[in-house]
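Below, each chain spelled out in residue letters.
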Amino acid sequence: MAHIVKCYHCGKKFDRDKVPFMQVSQRRYAHKECSMGENDKLQKEERDKLALEEYIMKMFKTTYIDPRVRKQIKQFIEEYNYTYSGIRKALIYHYEIKGGDKSKANGGIGIVPYVYQHAYEYHYNLWLAQQKNKDVEVELYTPKVKEITIPRPERKVKKRPLFTFLDEEE
C-alpha cells in the first residue's frame, strides 16, 4: 500500500515508503533533503543573530543586549524584512566605514533604516568587484605606463613704460 504524503517544506507529494523522509510532527512529513536544507537555513539565521548581538555588545562595550535594541531588531525584521546579517552590515557600514558617532546612538540602533540601502549598495558593489576580479592574478598584472608631458608655461613679461620728463616735475 502506498503512503502518499505532501512535503511540509516544498509542498510536493511523494511516497514515504520509497523516498527517504523525516517526520516533522505527528502527522506531517518532509523530504530528507528539504528538512536538512531548512535546518541549515535556521542554523545560518541563528549564527547571523549571534554575530549581530556580539557586534552590538562590542560596539556599546556591554555584556548584554538592551531590551530596546532587541525590540528595534525585531521591528526591523518584521516591518522592513531586514535580515540579521543585513542589520549588522548596515551598522558596520555606518560606524566603521562612514565613521558615524556612536555617542549619538544613545544605546540604540535606530540609524539602521536610514543607512540600510546605502550599506546594501556598498556591500553589493564590493561583491561585484570580487566576482569580477576573482579570476585575475594580481601578480601578473603590469599597469600600462602612459607618459604625459606638460608644456612649460610661458612667462608674460610686463613691459615697463619708458620714463618721461613729466615724471620728474612732480
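See the structure printed just above.
Predicted model only: the values in this text are computed from it and were never measured.

Rules of the game
Residues numbered from 1 in each chain as written. Predicted model: local features only at pLDDT ≥ 70, side-chain atom pairs only at ≥ 80, totals over all residues. Heavy atoms only, no water. Helix = DSSP H or I, 4+ residues; strand = E, 2+ residues; numbered from the N terminus. Buried < 20%, exposed > 50% of the residue type's maximum accessible area, 1.4 Å probe, protein only. Contact = heavy atoms within 4.5 Å. Core = buried A, V, L, I, M, F, W, Y, C linked by side-chain atoms within 4.5 Å. 1 Å grid on protein atoms, 1.4 Å probe; cavity = no way out; pocket = protein on both sides within 12 Å on 5 of 7 lines; lining within 4 Å. Points joined across faces, edges and corners; volume = space filled by probe spheres on them. Nonpolar A, V, L, I, M, F, W, Y, C, P; charged D, E, K, R; others polar.

Draft legend 1. Region of the structure containing the environment of Ile 65. Position of Ile 65 among the secondary structure elements: in the loop between α1 (32-60) and α2 (67-80). By relative accessible area, which is 8% here, Ile 65 ends up buried. Through-space distance from the C-alpha of Ile 65 to that of Val 145 is 54 Å; in sequence the pair is 80 residues apart. Contacts of Ile 65, omitting those with residues within four sequence positions, involve Glu 53, Ile 56, Met 57 and Arg 70.

Draft legend 2. Representation of the nonpolar core in the model. With 22 residues, the main nonpolar core has Leu 52, Ile 56, Ile 73, Ile 87, Leu 91, Ile 109 and Val 112 as its most contacted residues. When contributions to this core are tallied by element, the ones reaching two or more residues are α1, α2, α3 (84-97) and α4 (112-133). When residues in this core are grouped by element, the largest group, seven residues, is from α3. Each residue touching Ile 109, except ones within four places of it in the same chain, is listed here: Ile 56, Met 59, Phe 60, Val 69, Gln 72, Ile 73, Phe 76, Ile 87 and Leu 91.

Draft legend 3. Expanded view of the layout of surface pockets. Approximately 200 Å³ is the volume attributed to the largest pocket. In this structure, the largest pocket is lined by Thr 83, Ser 85, Gly 86, Lys 89, Tyr 116, Ala 119, Tyr 120, His 123 and Tyr 124. Counting only elements with at least two residues in the lining of the largest pocket, the list comes to α3 and α4. The element contributing the most residues to the lining of the largest pocket is α4, with five residues. Considering only residue class, the lining of the largest pocket consists of four nonpolar, four polar and one charged.

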